[in-house]
Amino acid sequence: MRDQYGRTIEYMRVSVTDRCNLRCIYCMPETGVHCVPHSEILTFDEIARVCGIGSGLGIRKIKLTGGEPLVRRGLPELVKMLKDLPGIEQVTLTSNGILLKEQLGNLVAAGLDAVNISIDTLDQEEYRRITRIGDIADAAAGLEAAVACGKLRVKINCVPLRDVSPDTYIKLALLARDKNVDVRFIEMMPIGFGKEFAGRSGGEIVGVLREQYGEPEIYNKKIGNGPAEYFSFPGFKGKIGLISAVSHQFCSTCNRVRLTSEGALKLCLQYNTAVDLRSLLRSGADDDLIRETMRRAIYEKPACHHFDNAVPGQSDDASEWQEKIETREMSQIGG
Ligand code: SAM
Ligand code: SF4
């Protein structure tokens, strides 16, 4: 369906848990993590019902996320349930990769189409500093297995930090040179703990890679569901992608909504505005009522984020949107 600004909304990011087996510094606190009780998290049947109703509204692609989606028991079962929904063309996953190797066979058998693996550095010491508790060997094993199976499109997501050496990004880009994977650099967004960390812009990363690998060529074809801009470097098997949400706002082409693990339909990452679908699901609402609620919410999707803290174009009143700013952590919203 189209929203009030004429954007076609066809992509839903579905968070299956707020829990995680890592504690990335810009995403979660080190201690004192307050997890939502299991009873408040949508069941697989509830998620599939919302996605089925969403497909009637034009949702075609679903990305499973979290927290870490692979810590939710039985995820392949959900993948299969969603793949079986009429109208759903793609079910994909974003994961830190730690548990990917052991679950890969079942995920592929269930029909998973693609996986994004978050790896901010290949250096163990740096990886441990950023994730606080992770082993890069586990994430790398997940990546190797995903590439080797030959059945998935594989991308790496990296959020470059200001205090990490540019060399790190030169080494990460080598994965795209040597393997059939795309390596994407995502600008740090001022969400949750992300507000406390300085990142590197997409332009800066391209500058670093250009010095090492030569002149990048813009790749004009669309890859995946998102707003990434892609480049190829001479001799690279995969592409380099930039997701520059902060330096190059792409809200005018935004195609997505989010379902949080607690069953709230969220229209924009930066706003706390959401519709509580769980109450409807658990109070006997029929599909028509849920569909109409989703339709109205999607139609009202906000025009744009305000990561740059600017006053919105439509209004002189900054407080109008500042009151609605999301204050939760990325793992709680579903990144
Ligand atoms: N645990 C999974 C993972 O790490 O891929 C899925 C959830 S995680 C929240 C999804 C993505 O959001 C990861 O690539 C992570 O690096 C990114 N992320 C988390 N906080 C962010 C922030 N403030 N700005 C930009 N990206 C962020
Ligand atoms: Fe976990 Fe992903 Fe957040 Fe890291 S970015 S703490 S892996 S949810």
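Details of the structure are given in the entry above.
So, a few notes on the structure that sits alongside this text. (Residues numbered from 1 in each chain as written. Chains lettered and ligands numbered in written order. Predicted model: local features only at pLDDT ≥ 70, side-chain atom pairs only at ≥ 80, totals over all residues. Heavy atoms only, no water.)

**As for the overall build of the protein**
Our working definition: Note on conventions: DSSP H or I runs of at least 4 residues are helices, E runs of at least 2 residues are strands, and numbering of each starts at the N terminus. A radius of gyration in this sense is built from C-alpha atoms; the matching globule rule multiplies 2.2 Å by the number of residues raised to 0.38. Think of it in three bands: residues with accessible area under 20% of the maximum for their type are buried, residues over 50% are exposed, and the middle band is partly exposed, with areas taken using a 1.4 Å probe on protein chains only. A 1.4 Å probe and the Shrake-Rupley method give the accessible areas. Residues count as covered only by the protein chains that appear here. Charged residues are defined narrowly, with Lys and Arg counted positive, Asp and Glu counted negative, and His plus the chain ends left uncounted. Where a charge sits is defined by one atom per residue type, namely NZ (Lys), CZ (Arg), CG (Asp) or CD (Glu).
The helix and strand tally for the protein stands at 11 helices and 12 strands. For the protein, the C-alpha radius of gyration of 19 Å lies close to 20 Å, the compact-globule estimate for 335 residues. Taking the principal axes of the C-alpha coordinates as reference, the protein spans close to 55 × 50 × 45 Å. Each of the 335 residues in the protein was classed as buried or not, and the buried ones make up 55%. Surface summary for the protein: the accessible area is close to 14,700 Å², and the carbon and sulfur share equals 49%. Charge separation in the protein, taken as the distance between the mean sites of 43 positive and 45 negative side-chain charges, equals 4 Å.

**Quick look at the site of ligand 1**
So the rule is basically this: In these notes, residues near a molecule or strand are those with any non-hydrogen atom within 4 Å of it. Here a polar contact means two N or O atoms within 3.5 Å. Within protein one must be a hydrogen donor candidate and the other an acceptor candidate, and residues neighboring in sequence count only if both atoms are side-chain atoms. We call Asp, Glu, Lys and Arg charged. Ala, Val, Leu, Ile, Met, Phe, Trp, Tyr, Cys and Pro are nonpolar, and the rest, Gly among them, are polar.
Neighbouring residues of ligand 1: 18 residues in total, closest Y26, G67, E68, S118 and M189. Here a nitrogen atom of ligand 1 sits 3.2 Å away from a polar atom, N or O, in the side chain of E68. Within the side chain of S118, one N or O atom sits 2.6 Å away from an oxygen atom of ligand 1. The protein chains hide 93% of the 550 Å² of surface that ligand 1 would expose on its own. Within the shell around ligand 1, the residues separate by chemical class into 6 nonpolar, 10 polar and 2 charged.

**Notes on the pairing of strand β10 (residues 256-259)**
Using the following cut-off: Pairing between two strands is assigned when DSSP locates at least 2 bridges connecting them.
On β10, burial covers both faces: R256 and R258 on one face and V257 and L259 on the other are all buried. Pairing analysis gives 4 bridges linking strand β1 (residues 11-15) to β10, with the strands arranged parallel. Counterpart to M12 in the pairing with β10 is V257. Where β10 hands over to strand β11 (residues 264-266), the hairpin turn is made up of 4 residues, of which G263 adopts a positive phi near 90°.

**Focus on the pattern of salt bridges**
Spelled out, the test is: Salt bridge, as applied in this entry: a Lys or Arg side-chain nitrogen positioned within 4 Å of an Asp or Glu carboxyl oxygen.
Evaluation of the coordinates by the stated rule reveals 19 salt bridges. Between D163 and R129 there is a salt bridge; the shortest N-O distance is 3.1 Å. Of the two residues, D163 is situated in the loop between β5 (153-158) and α6 (167-178) and R129 in helix α4 (residues 124-131); the sequence distance between them amounts to 34 residues. Given the relative accessible area of 51%, D163 is considered exposed. With a closest N to O distance of 2.8 Å, R177 and D178 form a salt bridge. Taking the relative accessible area as the measure of exposure, D178 reaches 40% and is therefore partly exposed. Overlapping salt bridges bring together E126, R129 and D163 as one network.

**Describing the nonpolar core**
Our working definition: Only buried residues count toward a nonpolar core. Its members are Ala, Val, Leu, Ile, Met, Phe, Trp, Tyr and Cys residues joined through side-chain atoms within 4.5 Å. Here a residue-residue contact requires only that any non-hydrogen atoms of the pair lie within 4.5 Å.
Counting 97 residues, the largest nonpolar core has L64, L82 and F185 as the members making the most contacts within it. Those residues in contact with L64, other than ones at most four positions away along the chain, are V14, V16, P69, L75, L78, V79, L82, V91, T92, L93 and T94.

**Here's the deal with the state of the cysteines**
How we decide: Note on disulfides: each one is a pair of cysteine sulfur atoms within 2.5 Å.
Per the stated rule, a full pass over the model turns up 0 disulfides. A disulfide-free cysteine, C51 has its sulfur positioned 17 Å from the sulfur of C254, the nearest such atom. Among the cysteines around C304, which has no disulfide bond, C251 carries the closest sulfur, lying 5.4 Å off.

**Description of the packing of helix α3 (residues 100-110) against helix α5 (residues 136-149)**
The angle between the axes and the distance between the axes are what describe a pair of packed helices. Heads up, the rule is: Helix axes are fitted to C-alpha atoms over the stretch in contact, other axes to C-alpha atoms as well, and angles between N-to-C directions run from 0 to 180 degrees. Between 65 and 115 degrees an angle is taken as roughly perpendicular, under 35 as roughly parallel, over 145 as roughly antiparallel, and anywhere else as oblique. Crossing chirality is assigned from the near helix's rotation relative to the far helix, an anticlockwise turn below a right angle marking it left-handed and a clockwise turn marking it right-handed.
For the pair α3 and α5, interaxial distance at closest approach is 8 Å and the crossing angle is 30°. Considering their axes alone, α3 and α5 lie roughly parallel with respect to each other. Handedness of the α3/α5 crossing: right-handed. For the pair formed by α3 and α5, the contact residues are L100, K101, L104 and V108 on the first element and A141, G142, A145, A146 and C149 on the second. In the contact of α3 with α5, the residues fall into 7 nonpolar, 1 polar and 1 charged.

**So, the site of ligand 2**
The environment of ligand 2 is made up of C20, L22, C24, C27, M28, G67 and N96. Grouping the amino acids of the shell around ligand 2 by side-chain chemistry returns 5 nonpolar, 2 polar and no charged.

**Some words on α6**
To keep it simple, the criterion reads: By definition here, a helix of n residues has an expected span of 1.5 Å times n minus one.
Taking 1.5 Å of rise per residue, 12 residues should cover 16 Å, and α6 covers 17 Å from first to last C-alpha, within 8% of that figure. Among the residues of α6, those classed as buried are T168, Y169, I170, L172, A173, L175 and A176. Each element contacted by the buried residues of α6 is listed here: α4, α5, β5, β6 (182-186), α7 (202-213) and β9 (240-243).

**Here we look at α3**
For clarity, the cut-off: This arc describes the spread of directions from the helix axis toward the C-beta atoms.
By the burial criterion, the buried members of α3 are L100, Q103, L104, L107 and A110. Angularly, the buried residues of α3 cover 135° about the axis, an arc narrow enough to put them on a single face. Away from the buried face of α3 by more than 90 degrees, exposed residues K101, E102, G105, N106 and A109 are located. For α3, the elements touching its buried residues are α2 (75-83), β3 (90-95), β4 (114-118) and α5. Downstream of α3 by a residue or two, G111 has a phi angle that is positive, lying close to 105°.

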